Amino acid sequence: IDTGIEFPETLANVEEATAELGLKGRLLVKHVDPEQFWRLLDKYGMVARDFRVCCKTVKLGPTTQLIEEHFPNGCLSFIGQRRYESRRRAQEGRVWRNPWVPNQIGASPIYGWTALMIWLYLFREQAPVNRLYIHGFDRIGCMFCPASTMSEFQALAARYPQKWRRWYRVALRIAQQRGLPEGWVKHGFWRWRKHPPKIREMAQQLGITLQTPSEGIPAERLSYSIRPPERAEGSTRYTVHGSFTHPIPLGQAMAFLPALGEVLFDPNLGIARIEVRG
């Protein structure tokens, strides 16, 4: 899935690995409009570790579409994620289903591998390696992934200054619209919507405000958009998207959302999907 915000080195690594494995001509690619990510920022504000609407829109959605196009009965995908990468991945297990990609079963053969084991294997097999690892990157995802460390964002700024300047201008504009200081962007506090205690403590030490002023926000800033109906399996499907000026506590909303229909809730992405049949 070419999300439109991939590193050029990542795309080059895919091509190199495809050629190395003798799979030229068999690579399935879904290209996402490069401006889609920026439109998301304009619509929803900053993405965050606990609000990954970007992942849902430019990665998981296109993945579902690609599978539907080529594997109508679904597929088994081998994915290189490991238990040591995050607490969430440790809880997912070796085989899992993502509720946002219902036509895929994910499995990780290297689920229990350490980073050292990974590198020993790559060196032994002389496998193609993403060049970004040589330039100080430890975790390689999308360019502006909120799960990245500040050191990786510094490496991004040094390597791709033009892309970084565009992102910084947009992030600063969003901060100003919310009444937040530049330090909220500069020090990476935008990476959370609900900040962990240690992050709040760090912000306090730096004298940076994390809370958006709530007084005097006009009601007209609450907006909705309704997409045109989509035909699916002989029925008409309406997709309704809402844009809000404040984060919505979806965890609390789950107490009443089931009354509207079948609910799929992903706390990591900060997204709830409700399907109403009738």
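Up top is the structure.
None of these values were measured; they are calculated from a predicted model. (Residues numbered from 1 in each chain as written. Predicted model: local features only at pLDDT ≥ 70, side-chain atom pairs only at ≥ 80, totals over all residues. Heavy atoms only, no water.)

Caption draft 1: Representation of the overall build of the protein chain within the structure. Broken down by element type, the protein chain carries ten helices and nine strands. Relative to its full complement of 278 residues, the protein chain shows a buried share of 36%. In the protein chain, once contacts between residues fewer than 6 apart in sequence are set aside, the share between residues at least 24 apart is 58%. Carbon and sulfur atoms provide 54% of the accessible area of the protein chain, an area that totals close to 17,600 Å². (Helix = DSSP H or I, 4+ residues; strand = E, 2+ residues; numbered from the N terminus. Buried < 20%, exposed > 50% of the residue type's maximum accessible area, 1.4 Å probe, protein only. Contact = heavy atoms within 4.5 Å. Areas by Shrake-Rupley, 256 points an atom, 1.4 Å probe, with all protein chains shown as cover.)

Caption draft 2: Region of interest: unusual backbone geometry. Positive phi, normally seen in glycine, also occurs at Gln126, with a value near 50°. Position of Gln126 relative to the elements: it lies in the loop between α5 (115-125) and α6 (150-159).

Caption draft 3: A look at the pattern of salt bridges. A full pass over the atoms with the stated rule returns eleven salt bridges. Between Glu92 and Arg88 there is a salt bridge, with its nearest N and O atoms 3.1 Å apart. Taken as a pair, Glu92 and Arg88 lie in helix α4 (residues 87-92) at a separation of four residues, close to a single helical turn. Here Arg88 falls in the partly exposed class, since its relative accessible area comes to 28%. Here the residues in one salt-bridge network are Arg82, Glu85 and Arg89, joined through shared partners. (Salt bridge = Lys/Arg side-chain N within 4 Å of Asp/Glu carboxyl O.)

Caption draft 4: Region of the structure containing the pairing of strand β1 (residues 75-78). Only one face of β1 is covered, namely the face carrying Cys75 and Ser77; the face carrying Leu76 and Phe78 is uncovered. Relative to strand β3 (residues 104-107), β1 runs parallel, the two sharing four bridges. Its bridge partner being in β3, Phe78 is matched across the sheet by Ala107. (Pairing = 2+ DSSP bridges.)

Caption draft 5: Highlighting the sheet that holds β1. With mixed pairing, three strands are arranged side by side in an open sheet as β1-β3-β2. Of all strands in the sheet, those bounded by a partner on one side alone are β1 and β2 (95-96).

Caption draft 6: Up close: the nonpolar core. Among the nonpolar cores identified, the biggest contains 48 residues, and Phe37, Phe144, Leu156, Trp167 and Trp184 are the most heavily contacted of them. Listing elements by their share of this core, those giving two or more residues are α2 (36-44), α3 (53-70), α6, α7 (161-177), α8 (183-186) and α9 (197-206). Among the elements that line this core, the one with the most residues is α7, at seven residues. The residues contacting Phe37, other than those within four sequence positions of it, are Ile5, Cys54, Val58, Phe144 and Trp167. (Core = buried A, V, L, I, M, F, W, Y, C linked by side-chain atoms within 4.5 Å.)

Caption draft 7: Spotlight on the packing of α2 against α7. Packing of α2 against α7 brings their axes to within 10 Å, and their N-to-C directions diverge by 15°. Here α2 is positioned roughly parallel relative to α7, judged by the angle of their axes. α2 and α7 meet at a crossing whose hand is right-handed. Facing Phe37, Trp38, Leu41 and Asp42 of α2, the residues of α7 in contact are Arg166, Trp167, Val170, Arg173 and Ile174. The residue inventory of the contact of α2 with α7, partitioned by class, reads six nonpolar, no polar and three charged. (Axes fitted to C-alpha atoms, helices over the stretch in contact; angles between N-to-C directions. Parallel < 35°, antiparallel > 145°, perpendicular 65-115°, else oblique. Left-handed = near helix turned anticlockwise from the far one by under 90°. Nonpolar A, V, L, I, M, F, W, Y, C, P; charged D, E, K, R; others polar.)

Caption draft 8: The arrangement of the packing of aromatic side chains in detail. As enumerated under the stated definition, the model contains 16 aromatic pairs in all. Measuring from ring centre to ring centre gives 5.4 Å for Trp119 and Tyr133, while their planes differ by 90°; the resulting arrangement is edge-to-face. Here Trp119 is found in helix α5, whereas its partner Tyr133 is found in the loop between α5 and α6, with 14 residues between them in sequence. Residue Trp119 is classed as partly exposed on the basis of its relative accessible area of 28%. For Tyr133, a relative accessible area of 35% translates into the label partly exposed. Ring pairing ties together the aromatic residues Phe37, Trp38, Phe144, Phe153, Trp164, Trp167, Tyr168 and Trp190, which thus form one cluster. A cation over a ring is seen here: Arg83 above Tyr84, with NZ or CZ 5.7 Å from the ring centre. Across from the ring centre of Trp38, 4.1 Å away, lies the NZ or CZ of Arg166, which sits over that ring. (Phe/Tyr/Trp six-rings, centres within 6.5 Å; stacked < 30°, edge-to-face > 60°. Lys NZ or Arg CZ within 6 Å of the ring centre and 35° of its normal.)

Caption draft 9: Region of the structure containing the state of the cysteines. Per the counting criterion, the structure on display carries zero disulfides. Cysteine Cys54 shares no disulfide, and the gap to the nearest cysteine sulfur, in Cys55, comes to 6.3 Å. In this structure Cys54 comes out as buried when scored by relative accessible area, which is 10%. Distance from the sulfur of Cys145, which forms no disulfide, to the nearest cysteine sulfur (Cys142) is 6.4 Å. (Disulfide = S-S within 2.5 Å.)

Caption draft 10: Local environment of α7. Across its 17 residues, α7 extends 24 Å between first and last C-alpha, which sits within 8% of the 24 Å expected from 1.5 Å per residue. On its buried face, α7 is in contact with α2, α6 and α8. (Expected span 1.5 Å × (residues − 1).)

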